[in-house]
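Residues per chain are reported as follows:
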Amino acid sequence: MPKHPGDIAITATDERRAAEITEAAARANGERFGDLLADVAAGDPDRHLAITALLARNLAMSLVITVGREDALRILESTRLDAAVAE
C-alpha cells in the first residue's frame with residue numbers, strides 16, 4: 001500500500017525538482033518538461049509522491065492567490081467534471 005504524503009518528508013531536492021518542472025511548464029519547454037517528469041516517474045516512489053504533493057500545493061496556492069478561494073474551487077470542480085465526461 002502506498003504511503004500517505006503526510007508520512008513522507010519533503011526534501012530540498014524535492015522542492016527543487018518541483019520548481020524545475022513548474023519552470024519548464026511556464027517556459028513552454030515541452031522537451032524539458034517531459035524529461036523532468038520521466039525522470040521523476042522512473043525514480044523513487046516516495047520522491048515521486050513528495051514532488052506530486054508539492055506541485056498540487058503550489059497549484060492550489062497559485063489559483064487561490066490569482067482568483068480567490070471560491071473561484072479556485074470552481075475551476076477545480078470544472079476540471080474534474082470535464083475529465084469525468086471525457087472518461
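One can find the structure itself at the top, above this paragraph.
A. The overall build of the protein, seen in detail. A count of helical and extended segments in the protein gives four helices and zero strands. When the helices and strands of the protein are read in sequence order from the N terminus, they spell out α-α-α-α. In terms of principal-axis extent, the alpha carbons of the protein reach across some 35 × 35 × 30 Å. Expressed as a percentage of the 87 residues in the protein, the buried residues total 16%. Restricting to contacts in the protein with at least 6 residues of sequence separation, those with at least 24 account for 56%. As displayed, the protein has an accessible area near 6,400 Å², and 59% of this comes from carbon and sulfur atoms.

B. A look at the side chain of Arg17. With respect to the element layout, Arg17 can be found in helix α1 (residues 12-26). For Arg17, a relative accessible area of 14% puts it in the buried group. With near-sequence residues (within four places) excluded, Arg17 lies in contact with Leu36, Asp39, Val40 and Ile51.

C. The pattern of salt bridges, seen in detail. Under the counting rule described, the total for this entry stands at seven salt bridges. Its salt-bridge partner being Glu20, residue Arg16 comes within 2.8 Å of it at the nearest N-O pair. Taken as a pair, Arg16 and Glu20 lie in helix α1 at a separation of four residues, close to a single helical turn. By relative accessible area, Arg16 is classed as partly exposed at 42%. With its nearest N and O atoms 2.9 Å apart, the salt bridge here joins Glu23 to Arg27. On the accessibility criterion, Glu23 (41% relative accessible area) is partly exposed. Three or more residues joined by partner-sharing salt bridges are found here, namely Arg16, Arg17, Glu20 and Asp39.

Reading the values: rules and limits
- Residues numbered from 1 in each chain as written.
- Predicted model: local features only at pLDDT ≥ 70, side-chain atom pairs only at ≥ 80, totals over all residues.
- Heavy atoms only, no water.
- Helix = DSSP H or I, 4+ residues; strand = E, 2+ residues; numbered from the N terminus.
- Buried < 20%, exposed > 50% of the residue type's maximum accessible area, 1.4 Å probe, protein only.
- Contact = heavy atoms within 4.5 Å.
- Areas by Shrake-Rupley, 256 points an atom, 1.4 Å probe, with all protein chains shown as cover.
- Salt bridge = Lys/Arg side-chain N within 4 Å of Asp/Glu carboxyl O.

Scope: geometric values only; no functional claims are made or implied.
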